Each structure stands twice: as C-alpha cells, then as structure tokens.
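Chain by chain, the residues:
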Amino acid sequence: MGKTMISLRRSAHIAALTLVALPATVVLTTPQAAAESSKQAAARRALAQLKVARPLSIRGYSREKFRPHWADRKGRCSTRELALARDGRGVRRNAACHPVKGHWYSPYDGKRLKSERHVDVDHLVPLAYAWRSGAKRWSPAKRRAFANDLIRPELLTVSHSANIAKGGQGPQSWRPQRRAYWCEYATSWITVKRHYGLFVTRGEKVALLNMLRRC
C-alpha cells in the first residue's frame, strides 16, 4: 500500500511539472513568427499558381521596347524621380523635380547612401528577364506600364554597385547580398510575376522556394 501511494505521488508530481513546462513551449510561437510563416505560405501558394515554362528567346529584345520608361507624369516628375523621392529620406528636389539631396538605403547590400549619384532605381524583375518570361508577347502599352509601375514592388532604389552586379539576372543566378532580404525579394518577385502573368522557369522556381525559407 505504501509503495502504491509513493508511486501515485511521483506520477502526480511529474504531471504537475509537465503542465508547468507547457506554457514555455507555447511562448515560442510569437506573433512575428506566425506572421512570417503566414507570409511564406501565401507566397508559396502564389508561386504554385505561376506557369512553369522554358524561357523565350531574347531575339528582338531591346530596352526601347519598354519605352518610354521613366515616363514623365504629365510633364512633371518622371517615374525614376518619384521612386527616388518615395524610397529616400529628407529628399529635396530642384525645380525640375530632380533630387539634389537625400539619404537612401539599399536593401540589396545594406549600404546607406547620401548622394543620388550613387543610387539606381532597379527593375526588380529585369526588363530583359521579363521579355523572356512572356513580355515579348505584350503590347507596347503593357510593356510601358510594367517598366513604370510604382504600385507593385517592381521599382526599388538600390546602390549603383548592386544594380550593376545584378544586371538582367534572375534569382537562380543572382541573389541580394543581404540574406535578411531574401524573403522580401522572393515575395516581391512572385507578386510582380503573378500580377503581370509572367511565367517562371524550373530553376527560377526552385531558387525562389529556397529564398522563401528565410521568411
């Protein structure tokens, strides 16, 4: 009888310790972690909806086919000038709307820049890459809209050096230097491609899925 009572007390003690430990496990699921998981899941669903195909020929491509990009908005600021003003801090513009002062942060490489001469406005999905993903078949009006899109995350102010390094490459051959930006980069890329009905290649899709693991 005494042994039975001791056994029961030990079982009750272990159960109590288990209950005490449970909240610590629950706390690990923070609101931020839940939001990041939700973001990754949404991006994965959107990526799954994109058509997978082989890239089209680059034949016939030129930046002129997307012009006028950096189009003037009714004779006022150009798309590029608007993007620089949107992405910068303390931006001052002259009478012609050109930025003459400001601070910019380049999410690709983490550089903080104090001169407009050191920044570029990058087409997240490069024009040449978009051409091979389906833009080759678009009307001139749609290509112009794509090249000047300030609503979707297609235009981003980055350092000149990062923009040069990226060139016309896709995520399977180039990724931002800052790994902390990979999730944002991948979700933005998917958002743009989905909105414009552009397809992805198999290698591109794998690269995007790998970057989404950073979410």
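Rules used throughout
- Residues numbered from 1 in each chain as written.
- Predicted model: local features only at pLDDT ≥ 70, side-chain atom pairs only at ≥ 80, totals over all residues.
- Heavy atoms only, no water.
- Patch = residues over 30% accessible without salt bridge, like charges linked within 9 Å, V, L, I, M, F, W, Y side chains within 5 Å.
- Areas by Shrake-Rupley, 256 points an atom, 1.4 Å probe, with all protein chains shown as cover.
- Salt bridge = Lys/Arg side-chain N within 4 Å of Asp/Glu carboxyl O.
- Lys, Arg positive; Asp, Glu negative; His and termini not counted.
- Charge placed at Lys NZ, Arg CZ, Asp CG, Glu CD.
- Helix = DSSP H or I, 4+ residues; strand = E, 2+ residues; numbered from the N terminus.
- Buried < 20%, exposed > 50% of the residue type's maximum accessible area, 1.4 Å probe, protein only.
- Contact = heavy atoms within 4.5 Å.
- Polar contact = N/O pair within 3.5 Å; in protein donor to acceptor, adjacent residues only side chain to side chain.

## Remarks on a positive patch on the surface
For step 1, the next point in the chain: Among the surface-exposed residues, Lys 51, Arg 59, Lys 65, Arg 132, Lys 136 and Arg 137 lie close enough to one another that they form a single positively charged patch.
For step 2, the next point in the chain: Its place among the elements puts Arg 132 in helix 4 (residues 127-132).
For step 3, the next point in the chain: Owing to a relative accessible area of 33%, Arg 132 belongs among the partly exposed residues under this scheme.

## Focus: helix 3 (residues 79-87)
For step 1, the next point in the chain: Looking at helix 3, one finds that the buried residues are Thr 79, Arg 80, Glu 81, Ala 83 and Leu 84.
For step 2, the next point in the chain: On its buried face, helix 3 sits against strand 1 (89-93), strand 2 (99-106), strand 4 (119-123) and strand 5 (155-159).

## Structural notes on the side chain of Thr 201
For step 1, the next point in the chain: Its location among the elements puts Thr 201 in the loop between helix 7 (182-196) and helix 8 (202-212).
For step 2, the next point in the chain: The exposure class of Thr 201 is buried, given its relative accessible area of 14%.
For step 3, the next point in the chain: For Thr 201, the side chain forms a polar contact with the main-chain nitrogen of Glu 204, separated by 3.1 Å.
For step 4, the next point in the chain: Not counting residues up to four positions away in its chain, the partners in contact with Thr 201 are Val 52, Ala 53, Pro 55, Tyr 129 and Gln 172.

## Some points on the pattern of salt bridges
For step 1, the next point in the chain: Counted according to the given criterion, the structure contains 7 salt bridges.
For step 2, the next point in the chain: In this structure, the salt-bridge partner of Asp 87 is Arg 86, at a minimum N-O distance of 2.8 Å.
For step 3, the next point in the chain: By relative accessible area, Arg 86 is classed as partly exposed at 40%.
For step 4, the next point in the chain: Where Glu 204 meets Lys 193, a salt bridge forms, and the shortest distance between an N and an O atom there is 2.8 Å. Placement of Glu 204 in helix 8 and of Lys 193 in helix 7 is noted, with a sequence separation of 11 residues between them.
For step 5, the next point in the chain: The buried category is assigned to Lys 193, whose relative accessible area is 0%.

Purely geometric stuff here, so don't read any function into it on its own.
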